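Here is what each chain is made of, one letter per residue.
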Amino acid sequence: MANGTADVRKLFIFTTTQNYFGLMSELWDQPLLCNCLEINNFLDDGNQMLLRVQRSDAGISFSNTIEFGDTKDKVLVFFKLRPEVITDENLHDNILVSSMLESPISSLYQAVRQVFAPMLLKDQEWSRNFDPKLQNLLSELEAGLGIVLRRSDTNLTKLKFKEDDTRGILTPSDEFQFWIEQAHRGNKQISKERANYFKELFETIAREFYNLDSLSLLEVVDLVETTQDVVDDVWRQTEHDHYPESRMLHLLDIIGGSFGRFVQKKLGTLNLWEDPYYLVKESLKAGISICEQWVIVCNHLTGQVWQRYVPHPWKNEKYFPETLDKLGKRLEEVLAVRTIHEKLLYFLPASEEKIICLTRVFEPFTGLNPVQYNPYTEPLWKAAVSQYEKIIAPAEQKIAGKLKSYISEIQDSPQQLLQAFLKYKELVKRPTISKELILERETLLARLVDSIKDFRSDFETRCRGIPGDASGPLSGKNLSEVVNNIVWVRQLELKVDDTIKIAEALLSDLSGFRCFHRNAEDLLDQLKLYEQEQFDDWSRDIQSGLSDSRSGLCIEASSRIMELDSNDGSLKVHYSDRLVILLREVRQLSALGFVIPAKIQQVANIAQKFCKQAIILKQVAHFYNSIDQQMIQSQRPMMLQSALAFEQIIKNSKTGSGGKSQITWDNPKELEGYIQKLQNAAERLATENRKLRKWHTTFCEKVVVLMNIDLLRQQQRWKDGLQELRTGLATVEAQCPLAWQSKWEGPEDPLQYLRGLVARALAIQNWVDKAEKQALLSETLDLSELFHPDTFLNALRQETARAVGRSVDSLKFVASWKGRLPEAKLQIKISGLLLEGCSFDGNQLSENQLDSPSVSSVLPCFMGWIPQDACGPYSPDECISLPVYTSAERDRVVTNIDVPCGGNQDQWIQCGAALFLKNQ
C-alpha cells in the first residue's frame, strides 16, 4: 500500500486530527508526517493497539503510549478494538477514537456518566442482558469517579481538596453531593461540622433538584423561591467559616443553567404554535416566571442584600445570569406572537380570509424550535418574526378600527378602560394599531395621571397616622409599626411602578408622557424617602433603647434566666417581649433589603441565640402563672404535692457544686438540663390535672345518668351505676379529699336525696294547683320547695315589668318585714328563710348571745320588684345587703335582699351574716 495521503488509513487519521485540533490542511503536506514511525506502527503492527496525538506549542506529536503528563494539553487517542493490522476494509470497524480534556478522571467520568451508564443501565434492551453485579459496579464506578473529581483539582498529580475548584461541579446536585462527601470524609472535625451544616441547609432543595425533570413548571416556580431562601441562609451563616464567594458564584450559575434547561425541556414537549392557547399560555408564563424570578434573585442577593451584609459582604460585581435572562425574553416574544394571533382571531370575521390567515401565519417558524435560545438561533428567530409580522399586517389594519370602536364605548369608565388596554396590550403595541388608537391612548394617559394624583393624596393623608386608623396606613397582621408602614408604602410603590410600566409600554410616544413620567418618578422618590425615614427613626429608637436597662432590649448572658415576683408571686422570665418583637423586626427589615446597624444586629444575634430557650421558659412561666385557673377549685388540694414539687424546681434554679450559683443564659449545658426538669415537672402537673378533670367530667356524666333512672322500676340499673361511680372514685381515693367527695349536689344517702326529690315534686304540684286557681301570690310561699328558686324570682320580675309597662332592667328587688309593699304591682310572702351569723327580730339585726343557736329562723316577709327610682321600705343607710343561698354550704346564691341592721354594716360583714333556704 502506498505511503502518504494516498493511503486511506492515514488520510482518516490526518483528517480526524485536523478537524479536532482545528489545523490548516497545509500542515499535512509534509513528508515527515506521512512517514511517521508511530503512525506506521499503529496501522501496520497488529500488536500496537494505541496511537496518541497531542498538540503543543512545538506542534503536533504522535506516540504509541499515554504519558503521565499528557493531560496538560488536549489529547486525541486512536485505539484498536482487535489486535489486527489496519486495512481499508477494517478501518471503520476496528478503530475507536476518543478525546481527553482536563484529566483522565474527568474524561472517564463524563464518558461513563453521559454515554455508557445511560446506555447500559437505562436502555431496556441492554440492561436486560447486562449482569446486575456489573450494573452495580458501573454505578459505583460513576459515583467514585464523581467523588474524586469533586475533591481534586484538574492536575492529576495533586489529588487533594481545593474548595475553590468547582470544575467537577456541573449541576446543583453535584454541589449538594460535594458537601455530603465532605461531611463524611473531612480531615478535621471542624471541617466535617461545617460541611454537615451546609449539607443540612441544602437538604431543603436537594431532593427537588435531583428529581427536577419530574416536577411541573408551577412546582419549579415555587422551587425558585425556596432556593433563594436556602442560598441566602448559606451565605449569611455565621456558625462556621464563610461559604466561598467563587463557589457561590458558580452555584448561582449552575442553578440558573438547570432552571433554563428544565424550562426548555418542558416547553419542548409542546407544539407552541398548534397546541391550545390556554395550555401554551400557562406553560409559557410559568417558564417566563422561572427565568425572571431567578434573574431577580441573583440581582437582589448579589447586587443589594449580600453587598450590604457586613459579616460576609459580596465583593464582586453583581451576578447577572445573561443566558437565562435572554431565554426568558425569548419566551416572552413567543407568548406575544401567540397572544397576538389569538386576539386577531377574536376580531377577524369568520370568513375565508380568516382561514387563509390561520394556515399561513406560523409558516415562518416551521423547522425552528423557539425555546432553543443561543447566539446561533437568534438571527433565524428574528427573521421568522419579521416574516410573521408581514403576514399579519393586513389583518392588523382591519382590527385597528374594531378595537377603536370597542374602546370608545368604555372610555368613560377608567377601570374598564385600563383593563381593556391591558387585555389587548400586545395588539396596542403594534405600530399600525397604536397609531389608530392615538385619542384613546391620550384618554388612558389622562386616567393614569389622575391615578398618580390619587396615590399621592392617599399617601400624604395617611403617612403620619397610626396603622389601622381611618387616617393612618393600612395595617397587616403580625407586623410592628415600622415594618407595617414600610410594607404599606412598598405596596404604594408597586402600584406607582405598575402604572409607570403600563405607560412606558403603551404611551411612551405621547406628548404628555414625559410630564406624567416625571410626576410619577417624583412620587416614587417621595415614597422611598418616607420608607428610609421610617427605618432611620426605628434605628435611632432601638439604639437609644440599648443604653436604657428599662427598655427591655438589654439581655446579659450572665444574668438570671427567671425569678418569682415578690409582689404577686408570678414567674417572670428575664427575656422581654420587646426582644421577641426586635428579632421579628430585624428579620423582616433584613428581608425587605435594609442593612441593620451593627449594634442592633449584635443584640439581635445574642437574643436569637437564647430565643429558643426563652420561648420554652415563657411557656413554662405561663403554665405556672395560669395553672390555678385550669384546675377545678375543689381538686386543688389533690394536686398540692405535684404543685409544690414544680414550685421547688423554680425556686432552686441553681447549679454548680453545692448549688451555689444561679443558672444563667451563658451556661447552655446547665440551662438545657434545667429547662428539661421544668418541662418534665410541668408535664407531670398538667397530666395529673387533665386526668382529674377527666374523672370529674366522667363522674358528672354518671351522676346525670343516675338522676334519670326510675328507682322503683330500675333498681338494678341504679345499683350498677352506683357501683361504677364508687369504682371510679376508688381510683383517685388516695388523692381525693373528703370535702371533694361530698361536693355532689344532694345528700350522700340516695334515700335522703329521693325523699327531698319527692317532697319538692309534691310541693311543685301544690304550686301548680294554686297557680291554676290564681291564688299563688296570695299564699305564703316557701322558696326551698323549688328546684330553681332564682328562676321563679326572675319570672316574677318579668311579669311585674309587663304589668307596669317598664323594662326589666328598670326594676329592683326589695323585701319588707313591715308589711306589704305599696310600690310593688306584684308581690309574694316568703317563709322558710334561715339566718346564720347573727339574729333578726323583724326590726334589725343583733349579735348572737352565748346560748343563741348558730342558725335561726327568719320571720316571713314580703318580696317584690319595684321601680329603681321608688323608695323602698328601708333607708339604704340603715340596711345591709345579705345574700340568700340555696343551702348552708353557701355554694349557690338565689338573690340578695336588704335587711335592716341599724347602720353598722361592717360589723355584720365580719360576723359572716347570710340567709339561706331551709332543707327539704
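Above this note sits the structure.
Calculation criteria
Residues numbered from 1 in each chain as written. Predicted model: local features only at pLDDT ≥ 70, side-chain atom pairs only at ≥ 80, totals over all residues. Heavy atoms only, no water. Helix = DSSP H or I, 4+ residues; strand = E, 2+ residues; numbered from the N terminus. Buried < 20%, exposed > 50% of the residue type's maximum accessible area, 1.4 Å probe, protein only. Contact = heavy atoms within 4.5 Å. Areas by Shrake-Rupley, 256 points an atom, 1.4 Å probe, with all protein chains shown as cover. Pairing = 2+ DSSP bridges. Axes fitted to C-alpha atoms, helices over the stretch in contact; angles between N-to-C directions. Parallel < 35°, antiparallel > 145°, perpendicular 65-115°, else oblique. Left-handed = near helix turned anticlockwise from the far one by under 90°. Nonpolar A, V, L, I, M, F, W, Y, C, P; charged D, E, K, R; others polar. Expected span 1.5 Å × (residues − 1). Salt bridge = Lys/Arg side-chain N within 4 Å of Asp/Glu carboxyl O.

1. Some points on the overall build of the chain
Part 1 of the reasoning: Tallying secondary structure elements over the chain gives 30 helices and 19 strands in all.
Part 2 of the reasoning: Considering the chain as a whole, with its 920 residues, one finds that 41% of them fall into the buried category.
Part 3 of the reasoning: Considering only intrachain contacts with a sequence separation of at least 6, the fraction spanning at least 24 residues in the chain is 67%.
Part 4 of the reasoning: In the structure as shown, the chain presents an accessible area of about 51000 Å², 51% of it carried by carbon and sulfur atoms.

2. So, the environment of Phe535
Part 1 of the reasoning: Considering the arrangement of structural elements, one finds Phe535 in helix 21 (residues 513-546).
Part 2 of the reasoning: Residue classification places Phe535 among the buried residues on the basis of a relative accessible area of 5%.
Part 3 of the reasoning: Considering only alpha carbons, one finds Phe535 and Val595, 60 residues apart in sequence, at a separation of 9.7 Å.
Part 4 of the reasoning: Non-local contacts of Phe535, meaning those with residues more than four positions away in its chain, are made with Val482, Ile486, Leu589, Phe594, Val595, Ile596 and Pro597.

3. Here's the deal with the sheet that holds strand 10 (residues 811-816)
Part 1 of the reasoning: As summarised here, the arrangement of the 4 strands in space is 9-11-16-10, forming an open sheet in which the pairing is mixed. Of all the strands in the sheet, just strand 9 (780-782) and strand 10 have a single pairing partner and so form its edges. Geometrically, the sheet is characterised by an average inter-axis angle of 40° between neighbouring strands, direction not taken into account.
Part 2 of the reasoning: Here strand 10 runs beside strand 16 (residues 861-867); their pairing, made up of 6 bridges, is antiparallel. What sits directly across from Lys812, in strand 16, is Ile866.

4. A few points about the packing of helix 20 (residues 481-506) against helix 22 (residues 577-591)
Part 1 of the reasoning: Remark: helix 20 packs on helix 22, axes separated minimally by 10 Å, with the N-to-C direction vectors making an angle of 20°. Judged by the angle between their axes, helix 20 and helix 22 are roughly parallel. In this structure, helix 20 meets helix 22 at a crossing whose hand is left-handed. Contacts between helix 20 and helix 22 pair Val482, Val483 and Ile486 from the former with Glu585, Gln588 and Leu589 from the latter.
Part 2 of the reasoning: Its residues placed into classes, the contact of helix 20 with helix 22 shows 4 nonpolar, 1 polar and 1 charged.

5. Some remarks on the packing of helix 9 (residues 189-210) against helix 10 (residues 217-236)
Part 1 of the reasoning: Interhelical geometry of helix 9 versus helix 10 gives an angle of 165° and a closest axis separation of 9 Å. In this view, helix 9 runs roughly antiparallel relative to helix 10, as classed from their interaxial angle. The handedness of the crossing between helix 9 and helix 10 is left-handed. Residue-level inspection shows Phe198, Leu201, Phe202, Thr204, Ile205, Glu208 and Phe209 of helix 9 in contact with helix 10, the latter providing Leu223, Thr226, Thr227, Val230, Asp233 and Val234.
Part 2 of the reasoning: Here the residues of the contact of helix 9 with helix 10 sort into 8 nonpolar, 3 polar and 2 charged.

6. Comments concerning the sheet that holds strand 1 (residues 50-56)
Part 1 of the reasoning: The 4 strands are arranged 2-1-3-4 in an open sheet whose pairing can be described as antiparallel. The outermost strands of the open sheet, each flanked by one partner alone, are strand 2 (59-63) and strand 4 (95-100). Here the average twist between neighbouring strands, direction ignored, is 20°.
Part 2 of the reasoning: In this sheet, strand 4 lies alongside strand 3 (residues 75-80) in antiparallel orientation, the contact comprising 6 bridges. By the bridge assignment, Phe79 is partnered in strand 4 with Leu96.
Part 3 of the reasoning: Seen against the sheet, helix 1 (residues 8-21) touches strand 1, strand 2, strand 3 and strand 4 and runs at an angle of roughly 150° to strand 3.
Part 4 of the reasoning: Packed onto the sheet, helix 3 (residues 37-44) meets strand 1, strand 2, strand 3 and strand 4 and runs at close to 155° relative to strand 1.

7. Concerning helix 29 (residues 789-804)
Part 1 of the reasoning: For helix 29, built from 16 residues, the straight-helix expectation of 22 Å at 1.5 Å per residue is met to within 8% by its first-to-last C-alpha distance of 23 Å.
Part 2 of the reasoning: For helix 29, the full list of buried residues reads Pro789, Phe792, Leu793, Leu796, Arg797, Thr800 and Ala801.
Part 3 of the reasoning: Remark: Gly805 follows helix 29 within two positions and exhibits a positive phi of approximately 70°.

8. Side note on the pattern of salt bridges
Part 1 of the reasoning: Applying the stated criterion across every chain, the model contains 25 salt bridges.
Part 2 of the reasoning: Between Arg82 and Glu84 there is a salt bridge, and its shortest N-O distance comes to 3.5 Å.
Part 3 of the reasoning: Judged by its relative accessible area of 31%, Glu84 is partly exposed.
Part 4 of the reasoning: Across the salt bridge formed by Lys199 and Glu203, the nearest N and O atoms sit 3.8 Å from each other. One end of the pair is Lys199 and the other is Glu203, both in helix 9 and 4 residues apart, which spans about a single turn.
Part 5 of the reasoning: Residue class for Glu203 comes out partly exposed when judged on its relative accessible area of 46%.
Part 6 of the reasoning: A network of salt bridges, in which partner residues are shared, links Asp7, Arg9 and Asp44.

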